[in-house]
Amino acid sequence: MLNFINGYSELGEEFGAFVNPEGFERPKMVAVNKELLKEIGIDAGSVSDDDLAEFLAGNKIAPTSKPFASVYSGHQFGGYSPRLGDGRALLLGEVVTGNDSVVDLQLKGAGLTPYSRMGDGRAVLRSVIREYLGSEAMFHLGIPTTRALSIVGSDHAVYRETTETGAIMGRVSKSHTRFGHFEYFHHNGRHDELQTLLDYTIERNFPEIKDEESKYDLFFYTVVKRTADLIAKWQCVGYTHGVMNTDNMSIVGDTIDYGPYGFMDNYESMYIPNHSDSFGRYAYAKQPQIGMWNLQCLGTALSSVITEESIQSILGEYPTFFNGSYIEGMAAKFGLLNITDEIVDFIFSTLKTLERNRADFTNFFRALSRFDGNGDCLAGFLKDEKARCEWVELYDGFLKLEDLATEERHEKMKSVNPKYILRNYMLQNAIEKAETGDFSEVERLHELFRKPFDEELEFEEYAVDSPDWGKKLVISCSS
Ligand code: AMP
Ligand code: MG
């Protein structure tokens, strides 16, 4: 059994509530991330699936675990919700990993908490599979994220648009603290608690600044920078979060809370994966500015410990941080390392061209990673021959200014342009099978997305454009 520490829940009763998980009557181990399990100190070979399911459903609690639901608030679609909190997540505690870092282990979908509001505290199998595969895919793309440890399935009925079954996900993260945690204490005038949480967060997740005199300014500066870098990385793989509310923004700059997210198929600046986002507030191209908006909310929440002047000056850095990371990331996708103003213009005009051509974002850049001066490999993406030839000439001109052999460039480009991306249709196929009790496709996708940049010929069938039905899928935000 794991040896838990309970640093977060020991902050005090103002921070949440102790709640026992409700678990499942007949829990069934559906998926387990053995590598991560090992990292947190459990050898999959030494424990039976049944015992693991009992533990990861919350039926059995380790003696050192004190399950805890934390309180937070947040801005949802632009409006302030004064009390949210872990409505269906429970922190079992923190664990020290093999490489000496401290991580949280949370169960998501393990029943009611004082913050469940109108909800049932449950998560459906469909949404748990989406989070499990989505977060692992992001991790292996090299994008900061919470991790997925396990899925426990059940025959427990959960009511959404239709009757579904409940599942519980084990989630591992270096922090589950959200911007919304700080907003909650600020807007309730609980400045002492805010400072307690801030000190705890710095001590645990930002130890390099803990002895600095201006540690709170540095903290905010680091969060602004990490958030900008994170969103730049999202843009470079076409990931769209779907619900960038401030309660879904991680204080350590990880991607958190995978709901109606999507990796776009064809390049579409107004790509909106969330069916309920009617105005496109969280569309793909809006993410950078929403990141700024959310950081402004965090800045306000920190105004009892940082001066207004500092907050504004740190926020003022955001566009530079974002643009720097984004342009660098995009230029690397083209195999261009010496960035000039012409190259920046070229990147933006190419994106417009891709959009006009309804070209597949992932497959275009993967094809470009084979470019050898001849534009034939791009014919399926840039359809007009004359325009394609002009584009190729321009691009080839930029490549000639780089001091890189073709093969070397191809290798570099293949390491940033994934061959495989987790498309909605793939998730849909895996979910439909799983709902009949067959989890083989979940396992196969988990395996595939451990190496999204590799050639992996056995997975070739996943490297093509989505079928039309897959492009039209809309993701319900009920989960
Ligand atoms: P989300 O937008 O999914 O991140 O959720 C926003 C808030 O609703 C959080 O406080 C969640 O804990 C809560 N919530 C979402 N689904 C449920 C549910 N089925 N039962 C209880 N609370 C929920
Ligand atoms: Mg959330």
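Residues numbered from 1 in each chain as written. Chains lettered and ligands numbered in written order. Predicted model: local features only at pLDDT ≥ 70, side-chain atom pairs only at ≥ 80, totals over all residues. Heavy atoms only, no water.

(A) Quick peek at the pattern of salt bridges. Taken as a whole and judged by the stated rule, the model has 28 salt bridges. The partner of Arg122 in a salt bridge is Glu22, and the shortest N-O contact between them spans 4.0 Å. With Arg122 in the loop between β7 (102–108) and β8 (123–124) and Glu22 in the loop between β1 (16–18) and β2 (28–32), this residue pair connects regions lying 100 residues apart in the sequence. Looking at Arg122, the relative accessible area reads 5%, which means it is buried. (Salt bridge = Lys/Arg side-chain N within 4 Å of Asp/Glu carboxyl O. Helix = DSSP H or I, 4+ residues; strand = E, 2+ residues; numbered from the N terminus. Buried < 20%, exposed > 50% of the residue type's maximum accessible area, 1.4 Å probe, protein only.)

(B) Main features of the side chain of Asn205. Tracing the backbone through its elements, the reader meets Asn205 in helix α5 (residues 191–205). You can call Asn205 buried: its relative accessible area is 13%. Here the side chain of Asn205 touches Lys174 through a polar contact of 2.9 Å, landing on its backbone oxygen. Excluding residues that lie within four positions of it along the chain, Asn205 makes contacts with Lys174, Ser175, Arg226 and Val252. (Polar contact = N/O pair within 3.5 Å; in protein donor to acceptor, adjacent residues only side chain to side chain. Contact = heavy atoms within 4.5 Å.)

(C) Main features of the layout of surface pockets. A volume near 900 Å³ is recorded for the largest pocket. In terms of lining residues, the largest pocket is bounded by 38 residues, among which Gln76, Arg88, Arg117, Asp257 and Ser479 are the most central. A total of 3 residues in the lining of the largest pocket trace back to one element, the largest contributor, which is helix α3 (residues 125–140). Split by residue class, the lining of the largest pocket holds 13 nonpolar, 13 polar and 12 charged. (1 Å grid on protein atoms, 1.4 Å probe; cavity = no way out; pocket = protein on both sides within 12 Å on 5 of 7 lines; lining within 4 Å. Points joined across faces, edges and corners; volume = space filled by probe spheres on them. Nonpolar A, V, L, I, M, F, W, Y, C, P; charged D, E, K, R; others polar.)

(D) Expanded view of the coordination of the magnesium ion (ligand 2). Donor atoms from the polypeptide that coordinate the magnesium ion (ligand 2) comprise Asn248 (OD1) and Asp257 (OD), at 2.0 to 2.2 Å from the metal. Residue classification places Asn248 among the buried positions, given a relative accessible area of 11%. (Donors = N, O, S within 2.8 Å, 3.2 Å for Na, K, Ca; no water.)

(E) Representation of empty space enclosed by the protein. Scanning the model with the defined rule gives 4 cavities of 30 Å³ or more in all. Lining the largest cavity are 16 residues, and of these Tyr8, Ser70, Leu91, Asp104 and His176 sit closest to its centre. Mapped by element, the contributors of at least two residues to the lining of the largest cavity are β3 (68–70), β6 (89–96), β7 and α5. Residue contributions to the lining of the largest cavity peak at 3 residues, all from β3. Partitioned by chemical class, the residues of the lining of the largest cavity number 5 nonpolar, 6 polar and 5 charged.

(F) The packing of aromatic side chains, seen in detail. Throughout the structure, instances matching the rule amount to 34 aromatic pairs. Taking the centre distance of 5.5 Å and the plane angle of 45° together, the rings of Tyr267 and Phe361 count as tilted. In this pair, Tyr267 is assigned in the loop between β12 (262–263) and α7 (287–301) and Phe361 in helix α11 (residues 361–368), connecting sequence segments 94 residues apart. When sorted by exposure, Tyr267 lands in the same class as Phe361, which is buried. Aromatic ring contacts, followed pair by pair, group Tyr267, Tyr284, Phe334, Phe346, Phe361, Phe364, Phe365, Phe371, Phe381, Trp391, Tyr395 and Phe398 into a single cluster. The ring of Trp293 carries Arg281 above its face, with NZ or CZ at 4.7 Å from the centroid. (Phe/Tyr/Trp six-rings, centres within 6.5 Å; stacked < 30°, edge-to-face > 60°. Lys NZ or Arg CZ within 6 Å of the ring centre and 35° of its normal.)

(G) Representation of the pairing of strand β10 (residues 163–173). The buried fraction of β10 is high, at 9 of 11 residues. Here β7 runs beside β10; their pairing, made up of 5 bridges, is antiparallel. Residue Leu105 lies in a different strand from β10, and its bridge partner there is Val172. Across 9 bridges, the pairing between strand β9 (residues 147–159) and β10 is antiparallel. Within the sheet, the bridge partner assigned to Ile151 lies in β10 and is Met169. Here β9 folds back onto β10 in antiparallel fashion, the turn holding 3 residues. (Pairing = 2+ DSSP bridges.)

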